[in-house]
Amino acid sequence: MRRRRLAAILRQLRKEAKKTREEAAKFASISPVTISRIEAAAHNPKPGDIAMLCKFYELGDKETDELVALARQCRIKGWWQHYDLPDAISSYTGLEEEVATVQQYSLDVVPGLLQTSPYVRALIDAELKAYSEEEAERMLEVRKKRWVRLEGDDPLKTWCVLNEDVLRRRVGGSKVMREQLHHLVALSRRENVEIQVLAFEAGAHPAIANGGFTILGFPEQLDPDVVYVELPLGNIYLEKPTEIATYTQLFNQLRARALGPNESRSLIAEIADQI
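Heads up: these notes are all about the structure in this document. Remember, it's a predicted structure, so these values are computed and weren't measured experimentally. (Residues numbered from 1 in each chain as written. Predicted model: local features only at pLDDT ≥ 70, side-chain atom pairs only at ≥ 80, totals over all residues. Heavy atoms only, no water.)

**Considerations on helix 4 (residues 47-56)**
Let me state the cut-off plainly: Throughout, exposure labels follow a simple rule: accessible area from a 1.4 Å probe, protein chains only, divided by the maximum for the residue type, with under 20% read as buried, over 50% as exposed, and the rest as partly exposed. Secondary structure elements are taken from DSSP: a helix is a run of H or I of four residues or more, a strand is a run of E of two residues or more, and numbering for both begins at the N terminus.
Turning to helix 4, its buried residues number three or more, namely Pro47, Asp49, Ile50, Leu53, Cys54 and Phe56. Phi turns positive one or two residues past the end of helix 4, at Glu58, with a value near 60°.

**Some remarks on the packing of aromatic side chains**
Heads up, the rule is: Aromatic pairing here means that ring centres of Phe, Tyr or Trp (its six-membered ring) are within 6.5 Å. Orientation follows from the plane angle: under 30 degrees is stacked, over 60 is edge-to-face, and everything else is tilted.
Taken as a whole and assessed by the stated rule, the structure comprises 6 aromatic pairs. Ring centres 5.0 Å apart and planes at 35° place the aromatic pair Phe27 and Phe56 in the tilted group. Of the two residues, Phe27 sits in helix 2 (residues 21-28) while Phe56 sits in helix 4, which places them 29 residues apart along the sequence. On the basis of relative accessibility, which here comes to 33%, the residue Phe27 falls in the partly exposed class.

**Some words on the pairing of strand 1 (residues 101-106)**
What counts is decided by this rule: In short, DSSP must find at least two bridges between two strands for them to pair.
Where strand 1 meets strand 2 (residues 157-163), 6 bridges bridge the pair, whose relative direction is parallel. Within the sheet, the bridge partner assigned to Gln104 lies in strand 2 and is Cys160. Pairing geometry for strand 1 and strand 4 (residues 213-217), over 5 bridges, is antiparallel. Residue pairing in the sheet places Val102 in a bridge with Leu216 of strand 4.

**Comments concerning the nonpolar core**
Formally: In plain words, nonpolar cores are sets of buried Ala, Val, Leu, Ile, Met, Phe, Trp, Tyr and Cys residues tied together by side-chain atoms within 4.5 Å. In what follows, a contact means two residues having at least one pair of non-hydrogen atoms within 4.5 Å.
In terms of nonpolar packing, the biggest core is built from 34 residues, with Leu114, Leu162, Leu167, Leu181, Leu184, Ile195 and Ile268 touching the most fellow members. Within the residue set of this core, elements represented by two or more residues are helix 6 (87-96), helix 7 (117-126), strand 2, helix 9 (164-168), helix 10 (174-187), strand 3 (193-198), strand 5 (226-229) and helix 12 (261-274). A total of 6 residues in this core trace back to one element, the largest contributor, which is helix 10. Filtering out sequence-adjacent residues up to four positions away, Leu162 remains in contact with Ser106, Pro111, Leu167, Leu184, Ile195, Gln196, Val197 and Leu198. In this structure, Leu6, Leu13, Cys54 and Tyr57 belong to the second largest nonpolar core, which totals 20 residues.

**A word on the sheet that holds strand 2**
Worth spelling out the cut-off: Here, axes are lines fitted to C-alpha atoms. For helices the fit covers the stretch in contact, and angles between N-to-C directions go from 0 to 180 degrees.
Within the open sheet, the 6 strands sit side by side as 3-2-1-4-5-6. Their pairing is mixed. Only two strands of the sheet have a single neighbouring strand rather than two, namely strand 3 and strand 6 (236-238). Adjacent strand axes in the sheet meet at a mean angle of 15°, parallel and antiparallel pairs treated alike.

Laid out in structure tokens, this is it:
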């Protein structure tokens, strides 16, 4: 996230200065490719390079110090990076650490922030890749740390729309699924957690031919929202305003067609009793 923020600032500064990447690179004694990678948030920039770019863009001492400090922070590992996670998990966890809101539509599984430990283990065991016991425990430990975001004085606000399939798919067997559904009922009573069920009775809906997605919202408009879409052969992040607007509209449509929070809670509890 810090790389992304720094990249956005530097892109804007260069455009305002009406300079090319080649001109910026020549002044800072670095290659144009390096400028491109910095502006694309593709690697951790060197603080010295950022200081030279700030000089090129004629920034004051205070602004320069802030951007150089941000560059140094980019090089500090987040807690999740010490767990040797798959790249896809590490990248998403890093983003999630910075967000203020999460809006998610899920077709098949309970979203990660709302899962129980036995449910997580059942999902890990079901993956195509065979994880060792050590790897599985490491992934579970990271998941537990992610759950902490839902607690505290300034908890993460999350709004999830769950396809009814999510509730009826017995991941891990009846006992594990019953525990998971009871956990959803408990979470749904928190002020910062909204859970709605898109019931079978809702019929066709705008996302019926698409997969699930997550809209990540950042605090105080420091960064634009990001849409995360998980795919079998690689996950994608969408950041263009038109893409964000499309998925936001889609999520609002799903919310409108889903059962209300109270009705959803009742349905979840009812399904739990039937398992």
